[in-house]
Amino acid sequence: MYLHSLQPAEGAVKSRKRLGRGTGSGRGGTSTRGHKGAKSRSGYSQKSGFEGGQMPLQRRVPKYGFKNINRVEYKGINLDVLQSLAESTGETVLNFDFFKAHGLVSKNDKVKVLGRGELNKAVEVHAHAFSQSATSTIEKAGGKTVAI
């Protein structure tokens, strides 16, 4: 037995029934498309959300809320994370490249330092934004905050 001589078992594979090949074929005439209507025509394609002319759900449901297009999304990094990083690496300057190198942010993120946890090492932190509690804790520990 060789790979090129392998075949499926007898009767396991059936050829598909071909559409539109006369009434004797079993699928002639309308070719399983039914009678009339858009779906029976050639070139038919349905728009997503189309409900046969009925008002689509997307338009029936009332709209509410507000999406601020000027919103700035920050990636939050807490003080306890800064503390553990500063201890493990021995760095005193924690900037965006440092955060990126340690997998905390990706290249298009904006960083905001948040105030959860303790910080007892004097570090210089460079970020896009700081919470008030984070700023006060960093400065109490003898560190410095620099807004990018």
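Structure shown above.
Since this is a predicted model, take the numbers as computed values, not measurements.

With respect to the pairing of strand S4 (residues 124-127)
Of the strand pairs in this sheet, strand S2 (residues 93-94) and S4 are connected by two bridges, and their pairing is parallel. By the bridge assignment, valine 93 is partnered in S4 with glutamate 124. When S4 meets strand S6 (residues 144-147), the two strands line up parallel, connected through four bridges. Pairing of glutamate 124 across the sheet is with lysine 144, part of S6.

What to know about helix H4 (residues 132-140)
Every buried residue of H4 is listed here: Ala134, Thr135 and Ile138. End-on, the buried residues of H4 take up no more than an arc of 100°, which puts them together on one face. Within H4, the exposed residues directed more than 90 degrees away from the buried face are Gln132 and Lys140. Positive backbone phi, at 90°, marks glycine 142, one or two positions downstream of H4.

As for the environment of alanine 122
Relative to the assigned elements, alanine 122 resides in the loop between strand S3 (110-114) and S4. When its relative accessible area of 40% is taken as the criterion, alanine 122 is described as partly exposed. Put simply, alanine 122 and isoleucine 77 are 45 residues apart on the chain and 17 Å apart in space, counted from C-alpha to C-alpha. Excluding residues within four positions of it along the chain, alanine 122 makes contact with Thr92, Ala141, Gly142 and Gly143.

Structural notes on the side chain of serine 31
Mapped onto the secondary structure, serine 31 falls in the segment before helix H1 (57-60). Polar contacts involving the side chain of serine 31 include one to the main-chain amide nitrogen of glycine 20, which spans 3.3 Å. Once residues lying within four places of it in the same chain are set aside, the contact partners of serine 31 are Leu19 and Gly20.

Points about the nonpolar core
Leu79, Leu82, Phe99, Val111, Val113, Val125 and Ile138 are the most contacted members of the largest nonpolar core, which has 19 residues in total. Counting residues per element, the ones that place at least two in this core are helix H2 (79-89), helix H3 (96-101), S3, S4 and H4. Top element by residues in this core is H2. It accounts for four residues. Discounting chain neighbours no more than four positions away, the residues touching valine 111 are Tyr74, Lys75, Ile77, Phe96, Phe99, Val105, Ala127, His128 and Ala129.

Topic: the packing of aromatic side chains
Going through the model one piece at a time under the given rule, you end up with one aromatic pair. Between phenylalanine 98 and phenylalanine 99, the ring centres sit 6.2 Å apart and the planes meet at 70°, which makes this aromatic pair edge-to-face. The exposure class of phenylalanine 98 is buried, given its relative accessible area of 8%. The class of phenylalanine 99 is buried, set by a relative accessible area of 0%.

What counts and what doesn't
- Residues numbered from 1 in each chain as written.
- Predicted model: local features only at pLDDT ≥ 70, side-chain atom pairs only at ≥ 80, totals over all residues.
- Heavy atoms only, no water.
- Pairing = 2+ DSSP bridges.
- Helix = DSSP H or I, 4+ residues; strand = E, 2+ residues; numbered from the N terminus.
- Buried < 20%, exposed > 50% of the residue type's maximum accessible area, 1.4 Å probe, protein only.
- Arc of directions from axis to C-beta.
- Contact = heavy atoms within 4.5 Å.
- Polar contact = N/O pair within 3.5 Å; in protein donor to acceptor, adjacent residues only side chain to side chain.
- Core = buried A, V, L, I, M, F, W, Y, C linked by side-chain atoms within 4.5 Å.
- Phe/Tyr/Trp six-rings, centres within 6.5 Å; stacked < 30°, edge-to-face > 60°.

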